[in-house]
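Architecture and fold: a report
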Amino acid sequence: MKIRLIGAIAASLALMGAGAALAQSNMMMMGHMLPNVTDAPSRFSGPGVYTGPPALPVTLSMIMAGGGPTNFQTTTLVGVLAGPKATAEVASLTQKFGSTKVGNFVKVFNFVVADSLKIVNEKHIVLPSTPNPDPKDGKALSSALWGAGQTGQGFSVEVMLDRAVSHPIHVQVMKDIDAKYGIAADADYHAVLNQAMHDLASVYSLKNS
């Protein structure tokens, strides 16, 4: 009986120790989040919400790379970001997701930029006069966008979009996407964009932080 009791106590202590270790590990993971990034759930990409100010020079660079505020085209942006590999990248995305989902990505991204600019104007948010990095430098812009999506525990496409326009505006844009195209198209947009960013990171050997 004593042996069984001692064994039970030892097992309980071991479980308590394991639980404490797991809790400590979770706290350490949370502690590695970058400033202004919380582990709150996002809509499509798991935990990770950026609550700080937007990186507007990078956002402006992305818009200019896509043709500018009045003529933004997703395909133009992909051409700048991927450079000579753009055609292969579109083919790869189409093979992975299918033409319908890639088509949703293209049209929704066009809408996202137009809708974001509309909201920014309504809120009297002034965009910077100079984009940064150079909108013609696909590698530098890919790196800046990849960096904007970093949480401290890897890349999140929704954190990238939070940093592009702020979390509240990102949420409003998603609601507007749902109203115009439906939530499935919204999910396609996020999924294809996430894959495209990972592909660019592979091409340019970009690292997570």
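Residues numbered from 1 in each chain as written. Predicted model: local features only at pLDDT ≥ 70, side-chain atom pairs only at ≥ 80, totals over all residues. Heavy atoms only, no water.

Time to look at the overall build of the protein chain. Broken down by element type, the protein chain carries nine helices and two strands. Its helices and strands taken in sequence order, the protein chain reads α-β-β-α-α-α-α-α-α-α-α from the N to the C terminus. Residue burial in the protein chain is summarised as follows: out of 209 residues, 40% are buried. For the protein chain, the proportion of contacts with a sequence separation of at least 24, taken over those separated by at least 6, is 72%. Summed over its atoms, the accessible surface of the protein chain is roughly 11,200 Å², and 63% of this surface lies on carbon and sulfur atoms. (Helix = DSSP H or I, 4+ residues; strand = E, 2+ residues; numbered from the N terminus. Buried < 20%, exposed > 50% of the residue type's maximum accessible area, 1.4 Å probe, protein only. Contact = heavy atoms within 4.5 Å. Areas by Shrake-Rupley, 256 points an atom, 1.4 Å probe, with all protein chains shown as cover.)

So, about the pattern of salt bridges. As a working rule, side chains carrying opposite charge can pair if their charged atoms are close by. Per the counting criterion, the structure on display carries three salt bridges. Of the charged contacts in the structure, one is a salt bridge between arginine 43 and aspartate 178, with a shortest N-O distance of 2.2 Å. With arginine 43 in the loop between strand S1 (37-41) and strand S2 (47-50) and aspartate 178 in helix H8 (residues 167-181), this residue pair connects regions lying 135 residues apart in the sequence. Aspartate 178 sits in the partly exposed class, given a relative accessible area of 22%. The salt bridge partner of arginine 43 is aspartate 186, with a shortest N-O separation of 3.5 Å. Taken together, the residues arginine 43 in the loop between S1 and S2 and aspartate 186 in helix H9 (residues 183-203) connect sequence positions 143 residues apart. Assessed through its relative accessible area of 36%, arginine 43 is described here as partly exposed. Relative accessible area serves as the criterion here: at 0%, aspartate 186 is assigned to the buried category. Each member of the salt-bridge network shares a partner with another, and the members are Arg43, Asp178 and Asp186. (Salt bridge = Lys/Arg side-chain N within 4 Å of Asp/Glu carboxyl O.)

The next subject is the nonpolar core. Counting residues in hydrophobic clusters, the biggest one holds 43 residues, and the most contacted among them are Leu77, Phe109, Leu145, Met160, Tyr189, Leu193 and Met197. At the level of secondary structure, the elements contributing two or more residues to this core comprise helix H2 (56-65), helix H3 (74-82), helix H4 (86-97), helix H5 (99-122), helix H6 (138-148), helix H7 (157-165), H8 and H9. The leading source of residues in this core is H5, at 10 residues. If we ignore the near neighbours within four places in the chain, the residues touching phenylalanine 109 are Met62, Phe72, Thr74, Leu77, Tyr189 and Leu193. (Core = buried A, V, L, I, M, F, W, Y, C linked by side-chain atoms within 4.5 Å.)

On to the side chain of serine 116, then. With respect to the helices and strands, the residue serine 116 is situated in helix H5. Overall, serine 116 belongs to the buried group, its relative accessible area being 9%. Excluding its chain neighbours within four sequence positions, the residues that come into contact with serine 116 are Val165 and Val173.

Below, the discussion takes up the packing of H3 against H5. When two helices pack together, their arrangement is given by the angle between the helix axes and the distance between those axes. Their axes nearest at 8 Å, the elements H3 and H5 cross at an angle of 100°. What the angle tells us is that H3 and H5 run roughly perpendicular. Contacts between H3 and H5 involve Thr74, Thr75 and Leu77 from the former and Phe105, Val106, Phe109 and Asn110 from the latter. Looking at the contact of H3 with H5 residue by residue, the classes come out as four nonpolar, three polar and no charged. (Axes fitted to C-alpha atoms, helices over the stretch in contact; angles between N-to-C directions. Parallel < 35°, antiparallel > 145°, perpendicular 65-115°, else oblique. Nonpolar A, V, L, I, M, F, W, Y, C, P; charged D, E, K, R; others polar.)

This part takes up the packing of H7 against H9. Look at H7 against H9: their axes get within 9 Å of each other, and the N-to-C directions meet at 95°. The pairing of H7 with H9 is recorded here as roughly perpendicular in orientation. On H9, the residues touching Val157, Glu158, Met160 and Leu161 of H7 are Tyr189, His190, Leu193, Asn194 and Met197.

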